[in-house]
Amino acid sequence: MKALGIDIGGSAVKGAPVDIKTGKLLAERHRIETPEAITPARMGRTIAAIAAHFKWKGPIGVGFPGVVMGTTIHTSANLHPAFVGCDGAKLIAKATRCPVALLNDGAAAAIAEMRFGAGRGFSGKTLLLTLGTGIGTALAYQGVVVPMEFGHLPHKGKSWEKFAAASAREREDLTWKQWARRLDRYIAEMEALFWPELIIVGGGVSAKHEKFFPLLNPRARLVPAEFLNQAGIAGAAIWGAEHA
Ligand code: BGC
């Protein structure tokens, strides 16, 4: 059984066919840069181009960086505001002529990590963080993944993700040490509220975990995502296979 997994990010859309029995990508992922905030219609065409690249006919799962309820997108903090209120699954199904299921991008990464990655076999309370343009968050417990919006916990009148996402390090040209100090405070706040036993960190920056993990002081066991930046694609495909 396979499905096409799509990960919509702040600066690019990525996709690949995935073996949903193992979570493994069956081909090298195809990536299309989306430098400016593109409209929902252009997003539909961009995803159709990825599907066409793989000559894809079958279920598609799509991870979106915002609140998703059913097939409807409710927030779009880092993408075009026109996504709010949009039926994302319908839009992408129309553009690709394939059955589509949509979910939050952080939840997608969490599904892949809990089934096949750093959290496999672990049923205790787990917090998953994806550090990219924003901060994607999900909780997992006893095999159930729940999408969260903890990147928007308020800090100095803004969302914490504006200070501690990987994008903040690049935007503000912070050293690893400066950025890690912020991330450490964010994790401390998460731990005070949620007391996870395990924290899994994904997103592109997780490939460089040895640069900042030693600078963090979590109470929980902290590990990098095993799928690194591909967890979003793998989890979206699993979701697509089961819900499209
Ligand atoms: C969004 C979340 C998303 C995260 C990572 C946040 O701004 O509100 O839904 O998971 O960014 O993309």
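Scroll up a little and you will see the structure.
Just so we're clear, the structure is a prediction, and the values are computed from it rather than from any experiment.

Definitions and cut-offs
- Residues numbered from 1 in each chain as written.
- Predicted model: local features only at pLDDT ≥ 70, side-chain atom pairs only at ≥ 80, totals over all residues.
- Heavy atoms only, no water.
- Axes fitted to C-alpha atoms, helices over the stretch in contact; angles between N-to-C directions.
- Helix = DSSP H or I, 4+ residues; strand = E, 2+ residues; numbered from the N terminus.
- Parallel < 35°, antiparallel > 145°, perpendicular 65-115°, else oblique.
- Contact = heavy atoms within 4.5 Å.
- Nonpolar A, V, L, I, M, F, W, Y, C, P; charged D, E, K, R; others polar.
- Expected span 1.5 Å × (residues − 1).
- Buried < 20%, exposed > 50% of the residue type's maximum accessible area, 1.4 Å probe, protein only.
- Near = heavy atom within 4 Å.
- Polar contact = N/O pair within 3.5 Å; in protein donor to acceptor, adjacent residues only side chain to side chain.
- Areas by Shrake-Rupley, 256 points an atom, 1.4 Å probe, with all protein chains shown as cover.
- Domains from an automatic or database assignment.

Bringing the packing of helix α3 (residues 105–116) against helix α8 (residues 231–243) into the picture now. Here α3 crosses α8 at 90°, and the two axes come no closer than 6 Å. By the angle class used here, α3 and α8 are roughly perpendicular. On α8, the residues touching A108, A109, I111, A112, E113, R115 and F116 of α3 are A231, G232, A234, G235, A236, I238, W239 and E242. Its residues assigned to classes, the contact of α3 with α8 comprises 10 nonpolar, two polar and three charged.

Glancing now at α8. Taking 1.5 Å of rise per residue, 13 residues should cover 18 Å, and α8 covers 18 Å from first to last C-alpha, within 8% of that figure. Of all 13 residues making up α8, 10 are buried, and the element is well covered by its neighbours. Taken residue by residue, α8 has A231, G232, I233, A234, G235, A236, A237, I238, G240 and A241 as its buried positions. Taken together, the buried residues of α8 touch β1 (2–8), β2 (12–19), β3 (24–25), β5 (60–64), β8 (100–104) and α3.

Taken together, P65, G66, A77, N78, N104, D105, G106, I135, G136, E149, H152 and E161 make up all the residues around the ligand. D105 is positioned such that a nitrogen or oxygen atom in its side chain is 2.5 Å from an oxygen atom of the ligand. At 2.6 Å from an oxygen atom of the ligand is found a side-chain nitrogen or oxygen belonging to E149. Protein contact buries 95% of the 310 Å² of open area that the ligand shows by itself. Classifying every residue of the shell around the ligand by side-chain character gives three nonpolar, six polar and three charged. Looking at the shell around the ligand, you find at least three residues from each of domain 1 (2–107 + 231–243) and domain 2 (120–226).

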